[in-house]
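Here is what each chain is made of, one letter per residue.
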Amino acid sequence: MAMDQFLTGLDLGSYYIKASAITGRNGDIIFSAYGESHGIEDGQVTDSVRLLSSIRSVLRQLEI
């Protein structure tokens, strides 16, 4: 039984973090999620701990 393969992309912005899951077969976006960005200002990482927390939150949404 073959398993589906997914690629996950992240867009880290100053206001939002966006994530998408794309199928490995045909490249269609099948899941997406976004959340507020914390720890980035003007394209620079200002607080890596807060940024990591924001990324984890968005990835949890994507996983669900």
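Just so it is clear, the structure is predicted and the values come from calculations on it, not from any experiment.

So, how was this worked out
Residues numbered from 1 in each chain as written. Predicted model: local features only at pLDDT ≥ 70, side-chain atom pairs only at ≥ 80, totals over all residues. Heavy atoms only, no water. Phe/Tyr/Trp six-rings, centres within 6.5 Å; stacked < 30°, edge-to-face > 60°. Helix = DSSP H or I, 4+ residues; strand = E, 2+ residues; numbered from the N terminus. Buried < 20%, exposed > 50% of the residue type's maximum accessible area, 1.4 Å probe, protein only. Core = buried A, V, L, I, M, F, W, Y, C linked by side-chain atoms within 4.5 Å. Contact = heavy atoms within 4.5 Å. Pairing = 2+ DSSP bridges. Axes fitted to C-alpha atoms, helices over the stretch in contact; angles between N-to-C directions. Expected span 1.5 Å × (residues − 1). Arc of directions from axis to C-beta. Polar contact = N/O pair within 3.5 Å; in protein donor to acceptor, adjacent residues only side chain to side chain.

(A) Quick peek at the packing of aromatic side chains. On inspection of all chains with the given rule, the structure shows one aromatic pair. Centre to centre, the rings of Y16 and Y34 are 5.8 Å apart; their planes meet at 75°, and the pair counts as edge-to-face. Of this pair, Y16 sits in strand β2 (residues 16-23) while Y34 sits in strand β3 (residues 29-36), and the two are 18 residues apart along the sequence. By relative accessible area, which is 54% here, Y34 ends up exposed.

(B) The nonpolar core, seen in detail. Membership of the largest hydrophobic core is limited to nine residues, which are I17, A19, A21, A33, I40, L51, I55, V58 and L62. Listed by contribution, the elements that provide at least two residues to this core are β2 and α1 (48-63). For I17, the residues in contact, after removing those within four places along its chain, are D11, L12, A33, Y34, G35, S37, L51, S54, I55 and V58.

(C) Broad picture of unusual backbone geometry. The backbone of D42 shows a phi angle near 50°, a positive value even though the residue is not glycine. Mapping D42 onto the fold places it in the loop between β4 (40-41) and β5 (44-45).

(D) The sheet that holds β3, seen in detail. Strand order across the open sheet formed by three strands is β1-β2-β3, with antiparallel pairing between neighbours. The two strands at the open ends of the sheet, each matched to only one other strand, are β1 (6-12) and β3. Adjacent strand axes in the sheet meet at a mean angle of 15°, parallel and antiparallel pairs treated alike. Note that β2 and β3 share seven bridges and pair antiparallel.

(E) Expanded view of α1. With 16 residues, α1 should cover 22 Å at 1.5 Å per step; its first-to-last C-alpha distance of 22 Å lies within 8% of that length. Inspection of α1 places L51, S54, I55, V58 and L62 among the buried residues, and these make up the whole buried set. Angularly, the buried residues of α1 cover 95° about the axis, an arc narrow enough to put them on a single face. Looking at α1, the residues exposed on the side facing more than 90 degrees away from the buried face are V49 and E63. Elements in contact with the buried residues of α1: β1, β2, β3, β4 and β5. For α1, the capping residue at the N-terminal end is D47, with a side-chain oxygen 3.2 Å from the backbone nitrogen of V49.

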